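Take a look at the letters that make up each chain.
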Amino acid sequence: MSDAATLPAAGRVTALVLAGSRGPGDPVALAAGVSHKAMAPVAGVPMLVRVVRTLLAVPFVGRIAVAIEDAGVVRAEPELAALADSGRLEVLGTAPSPARTVGEALEHLGTPLLVTTGDHPLLRPDWVAHFWTHLPADADVAVGLARSETVLAAVPETQRTWIRFSDAAYSGCNLFAFRTPASARVADLWRTVEAERKNPLKLIGLLGPVAVARFALGRLSSAEALARLEKLSGVRGAFVEMPWGEAAVDVDKAADLVLAERLLRAA
């Protein structure tokens with residue numbers, strides 16, 4: 001983390017919201033009766049609308065883009081349609097995978113680029129500000145993470161997927177910084193990993209058998225993971241620790257809709 005939390009200039013950072021469909025079997029979309037999970041309402045407001053409202057409230061975020069297969073889904077929401085008509089919101093298409101979508105968005109939007117997701121209805125402006133202002137000065141790319149103890153202290157009933165390093169277990173917070181043009185190489189690496197995810201031997205060969213084994217045994221530290229990323233891509237990466245446990249709560253299943261609504265109403 002950087003010691004100084006200096007806000008970027010107004011409108012300097014572009015934001016991308018990933019809102020693509022997960023197919024007809026998505027449990028959240030089915031539970032809410034919508035075509036896209038991001039359009040599922042939480043406390044009466046579609047999640048995507050909540051995320052866009054949050055980004056609009058962050059002074060250093062200027063251009064906002066939403067990646068979704070069907071622009072009509074966005075335009076069906078009057079609030080989002082008005083933003084699109086005004087030029088404040090841009091609707092982009094999606095590629096066959098999240099990595100390819102981000103890669104194509106980087107080519108179109110450039111850097112610095114803040115990436116988040118449309119299924120993060122609890123997202124708050126101060127979380128976004130904390131994430132961006134705590135990027136190390138030499139980081140090309142970064143991801144926001146919350147420690148397991150922080151998450152469970154705030155939301156003990158949540159069920160998260162933990163990234164277990166030897167020094168701590170974390171949950172992702174759906175906040176990613178592609179800060180420099182060099183960060184596009186991480187999107188390329190991500191795309192390669194996605195392509196080989198069904199071929200374990202090739203994936204292990206790509207990532208390195210020692211690193212994979214150490215991670216599987218819980219012996220790989222977060223610093224070692226970042227060093228491996230730099231070796232593979234030539235890009236300096238960073239983890240930004242988020243002090244809010246709720247920042248790790250997105251909506252991946254129907255039960256998460258209920259939890260997010262309860263947390264929003266309590267707030």
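In this report, we go over the structure that sits alongside the text.

What counts and how
Residues numbered from 1 in each chain as written. Predicted model: local features only at pLDDT ≥ 70, side-chain atom pairs only at ≥ 80, totals over all residues. Heavy atoms only, no water. Salt bridge = Lys/Arg side-chain N within 4 Å of Asp/Glu carboxyl O. Helix = DSSP H or I, 4+ residues; strand = E, 2+ residues; numbered from the N terminus. Phe/Tyr/Trp six-rings, centres within 6.5 Å; stacked < 30°, edge-to-face > 60°. Buried < 20%, exposed > 50% of the residue type's maximum accessible area, 1.4 Å probe, protein only. Pairing = 2+ DSSP bridges.

1. What to know about the pattern of salt bridges
(1) Moving on: Taken as a whole and assessed by the stated rule, the structure comprises 18 salt bridges.
(2) Moving on: Between Asp85 and Arg75 there is a salt bridge, with its nearest N and O atoms 2.9 Å apart. Pair noted here: Asp85 is in helix H4 (residues 78–86) and Arg75 is in helix H3 (residues 71–75), with a separation of ten residues, a long-range link.
(3) Moving on: Between Asp188 and Arg191 there is a salt bridge, and its shortest N-O distance comes to 2.4 Å.

2. Some details on the packing of aromatic side chains
(1) Moving on: The tally for this structure, following the rule as stated, stands at six aromatic pairs.
(2) Moving on: A ring pair is formed by Phe60 and Trp132, whose centres lie 6.4 Å apart and whose planes are at 35 degrees; its orientation type is tilted. Linking Phe60 in the loop between helix H2 (47–56) and strand E4 (61–67) with Trp132 in helix H6 (residues 125–133), this pair joins segments that are 72 residues apart in sequence.
(3) Moving on: Residue classification places Trp132 among the buried positions, given a relative accessible area of 7%.
(4) Moving on: Counting every residue linked through ring pairs, the aromatic cluster contains Phe165, Tyr170, Phe215 and Phe239.

3. Let's talk about H2
(1) Moving on: Among the ten residues that make up H2, eight are buried, leaving the element largely enclosed by the rest of the structure.
(2) Moving on: Looking at H2, one finds that the buried residues are Met47, Leu48, Val49, Arg50, Val51, Val52, Thr54 and Leu55.

4. Some thoughts on the pairing of E4
(1) Moving on: Counting buried positions along E4 yields six of seven residues, so the element is predominantly enclosed.
(2) Moving on: Relative to strand E5 (residues 89–92), E4 is paired through four bridges, and the arrangement is parallel. Bridged to Ala65 within E5 is Glu90.

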